[in-house]
Amino acid sequence: MNAIEVKDLRKTFKVQKNREGLKGAFQDLFKRQYNEVAAVKDISFQIPQGEICGYIGENGAGKSTTIKMLTGILVPTSGHLSVGGFVPYEEREKFVQHIGVVFGQRSQLWWDIGVIESFQLLRKVYKVSEQDFKRRLDELVERLQLQDLLNRPVRKLSLGQRMRCELVAALLHNPSIVFLDEPTIGLDIVVKSEIREFLKDMNREHGTTILLTTHDLQDIEALCSRVIMLDDGRIIYDGGLEELKNRWGTGREVQFQFGTGTKLAQLQAWTAGLPVEWSAENDLGAKVWIPLEINVSDVLGQVVGKADITDIKIIETNTDDIVRSIYQSGSAEKKTDANDVTEDESVMTHV
Amino acid sequence: MSYYLGLIVEYLKNYIKTRMTYRADFWVEVISDLLFQATNLIFIFVIFMHTDSLGGWSQGEVVFVYGFFMVPFGVFSCFINLWGFSERYIVKGEMDRVMTRPAHNLFQIFLENVDPPALVGSIIGIVIMAISGSQLGLPFEWWTIPAMLVLTISAVAIYTGIYTALTSLSFYSDAPTGILPLMFNVQGYGRYPVTIYNRAIQVLLTWILPFAFVGVYPASLFLEREEMRNMAFLTPVVGGVFLAIGLTAWNYGVRRYRGAGS
């Protein structure tokens, strides 16, 4: 069963045009001009139950707008939408009982009262029975190590402590679908990995469906089996992370350090016949670019033994680089089509 | 229903817990509220130093109306506080959070802004009614307290309807509107006998912005003013109609909410 189904979802905003100057301001006062801006442009996707899906894209790509439509905050301009069997904006109050939402940049908790009091209040709001609440709270507190924080007022917590409390607040009513909007923003590496572990466990133990947006691709690598990438309101990639890497990671780079001077021309001669690309800073150091279809060992075999090598480093293209180049080109599809047609060329023009 | 009543209790408890830390604030608020009401009352006394009757109403009656006016106004100010709505919930986007919780969004906003010190005004209002009522020799009947309850609730419903409808405008316009302070001034007219105003203002205060129904009309029931009795009976109806208008406007406006930031 699909936890989330989205079909041709669209959201346009009317944005007021401000005319220039004092005269323009007066004109605006009486007759306003509006621009229609589409933030989300007819996107479709399905997320099956129990999946962790990453939702990424540049700032302003439409991620938050989508999340807000999925959580019932915004009413879509057109398209179909079903989350956990509900149409979010139509039966919002009934629907939100089944979801949990964490906005990394906004707090769910009451600023001045103790953390536990916030939880108690949320228990009432979400109609959680005393027993369920206690069981769930114990589990979460244990798991996220919040024992010492429970009686402190929220304003005295550090960001990392607060974020862990936010997670508890969003999960007290045991939602089956959880939306996380930049849950790790501004957190240190320890807290980040703690939160990732926690989310993974929750997904495994309770089968919770998770949709998260993030700018930290390590979140995605650690958690998500699937990525949806958005650009300018359209989905430009939807699929596995490995696939994305394979499709976009065009090859690997091997760095050599030589004990004795080795000329670039010499290196090129040794690997003649292989579509690899050498570059050298000086006689003692050289880099070779190896496309995916060639084994690294084949290239190494040609060089090792012939040259006096002191050090070898193999560098895989990381996800950050891949995603950056996709963002810059604005499409994951266009480029791959081009790849198929002029494969040689794209291999050679690697940056 | 019991769910919502339970929530009111919880939020009030929270308010108290929060306010324990800012006790001085509480008293400052109570005192400034009272001073505000006292100046209005003094104004009435000053007027009656120059005349014995205001459009056929004696000083005691006008003071009694003012006392009644304070009761629903205190209750309204305590539970329905939409002053900073546009700023806090729309510009800063706190509406997002409210809308992801399973209680009606407007109700949550009311609860998040409860202001119990305002209830002190209601208590003073009752005291004023009691004193001026006994000076006027008004009878205390079996229906006095039930009628007081029904009329207070109706008057609160009128306030709520008007302010909710006006606040829901902030879903349409980006800039916070200055219409609320204007309203606040208009509602002050309702605490004097409407018959002293000209015809146009009477119509305005009765049918368009029915602030006469939060003061003089219901109070006239206790003052045994025959000419306004029917209007007093009409108060619950007006309350229901305006509350319905307010809620409809609100629910419609919420659908247009656009969120803030990313």
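What you see is a predicted model; the values in this text were computed from it and never measured.

Chemist: Would you explain the sheet that holds strand β13 (residues 309-316) of chain A in this entry?
Modeler: Whether parallel or antiparallel, the strands of a sheet pair through hydrogen bonds between backbone atoms. Residue and element names in this part refer to chain A. Ordered by their spatial adjacency, four strands build an open sheet running β11-β12-β10-β13, and the pairing between neighbours is antiparallel. The sheet terminates laterally at β11 (277-282) and β13, the two strands that pair on one side only. Neighbour to neighbour, the strand axes of the sheet diverge by 20° on average, direction disregarded. Both strand β10 (residues 251-258) and β13 contribute to a ladder of seven bridges, which runs antiparallel. When the bridges of β13 are listed, Glu253 appears paired with Ile315.

Chemist: Which parts of the structure should I look at to understand the interface of chain A and chain B?
Modeler: Interface size is often expressed as the accessible area that is lost when the parts come together. Each partner contributes residues to the interface: chain A has 28 residues there, and chain B has 22 residues. For the side of chain A that touches chain B, the elements supplying multiple residues, two or more each, are β1 (2-17), α2 (63-70), α3 (92-95), β5 (99-103) and α4 (115-125) of chain A. Top element by residues in the side of chain A that touches chain B is α4(A). It accounts for four residues. Considering only residue class, the side of chain A that touches chain B consists of 12 nonpolar, eight polar and eight charged.

Chemist: I would appreciate a short explanation of the nonpolar core in the present structure.
Modeler: Nonpolar side chains tend toward joint burial in soluble globular proteins. Core analysis: the biggest nonpolar cluster contains 85 residues, and A:Val168 and A:Met229 have the highest contact counts within it. With seven residues, helix α6 (residues 159-171) of chain A is the largest single contributor of residues to this core. B:Ala157, B:Ile162, B:Val216 and B:Leu223 belong to the second-largest nonpolar core, a separate cluster that totals 46 residues.

Chemist: Where do I start with the sheet that holds β5(A) in this structure?
Modeler: Residues and elements named next belong to chain A. Reading across the sheet, the six strands line up as β5-β6-β7-β3-β8-β9 and stay open at both edges, with mixed pairing between neighbours. Sheet topology places β5 and β9 (234-240) at the edges, where each strand pairs with a single neighbour. Averaged over all pairs of adjacent strands, the angle between their axes in this sheet comes to 15°, without regard to strand direction. Here five bridges tie β5 to strand β6 (residues 177-181), and the two strands are oriented parallel to one another. Directly across from Gly100, in β6, lies its bridge partner Val178. This element, α2, spans β3 (52-57), β6, β7 (209-213) and β8 (226-231) of the sheet and lies at about 150° to β6.

Chemist: It is not clear to me how the domain arrangement of chain A should be interpreted in this structure. Could you clarify?
Modeler: Domains assigned within chain A are domain 1 (2-245) and domain 2 (251-316). For domain 1 of chain A and domain 2 of chain A, the distance between their C-alpha centres works out to 46 Å.

Chemist: Hey, could you run me through the pairing of β7(A) in this one?
Modeler: Each regular strand displays side chains that alternate between the two surfaces of the sheet. Residue and element names in this part refer to chain A. Across the five residues that make up β7, a large majority, five, are buried. Neither face of β7 is exposed, since Thr209, Leu211 and Thr213 on one face and Ile210 and Leu212 on the opposite face are all buried. Sheet topology places β3 next to β7; four bridges connect them, and they run parallel. Counterpart to Tyr55 in the pairing with β7 is Thr213. Traced from β6 through helix α7 (residues 189-206) to β7, the parallel crossover comes out right-handed.

Chemist: Please clarify how the UniProt feature "transmembrane region" (unreviewed entry) in chain B should be interpreted in this entry.
Modeler: Residues and elements named next belong to chain B. As annotated in UniProt, the feature "transmembrane region" (unreviewed entry) corresponds to residues 26-51, 63-85, 106-131, 143-166, 200-219 and 231-252 in the numbering used here. Between the C-alpha atoms that bound residues 63-85 the distance is 33 Å, and the span itself is 78% helix and 0% strand. What you have in residues 106-131 is 77% helix and 0% strand, and the ends, taken at the C-alpha atoms, are 37 Å apart.

Parameters and conventions
- Starting afresh in each chain, residues are numbered from 1 along the sequence in its written order.
- The naming scheme follows written order: chains are lettered A onward, ligands numbered 1 onward.
- In view of the model being predicted, local features appear only for residues whose pLDDT reaches at least 70, and side-chain atom pairs are presented and counted only at 80 or more, with totals across whole chains, interfaces and linings using the full set of residues.
- Each pair of strands is called paired provided DSSP finds at least two bridges between the two strands.
- Where helices and strands are cited, they refer to DSSP runs of H or I of at least four residues and of E of at least two residues respectively, numbered from the N terminus.
- Fitted lines through C-alpha atoms serve as axes, helices being fitted only where they are in contact, and the angles separating the N-to-C directions of these axes extend from 0 to 180 degrees.
- Any pair of residues counts as being in contact when their C-beta atoms, constructed from backbone geometry, are within 7 Å of one another.
- In the scheme used here, Gly and all other residues not listed as nonpolar or charged are polar, with Ala, Val, Leu, Ile, Met, Phe, Trp, Tyr, Cys and Pro taken as nonpolar and Asp, Glu, Lys and Arg as charged.
- A set of buried residues qualifies as a nonpolar core if it consists of Ala, Val, Leu, Ile, Met, Phe, Trp, Tyr and Cys joined through C-beta atoms within 7 Å.
- Partly exposed residues are those whose C-beta has more than 12 but fewer than 20 other C-beta atoms within 10 Å; 20 or more makes a residue buried and 12 or fewer makes it exposed, with C-beta atoms placed from the backbone.
- Domain ranges listed in this record stem from an automatic or a database domain assignment.
- Look down the strands so they point away from you; if going from the first strand over the helix to the second traces a clockwise path, that crossover is right-handed.
- UniProt positions are given in the numbering used here, feature names are shortened, and annotations may be inferred rather than shown by experiment.

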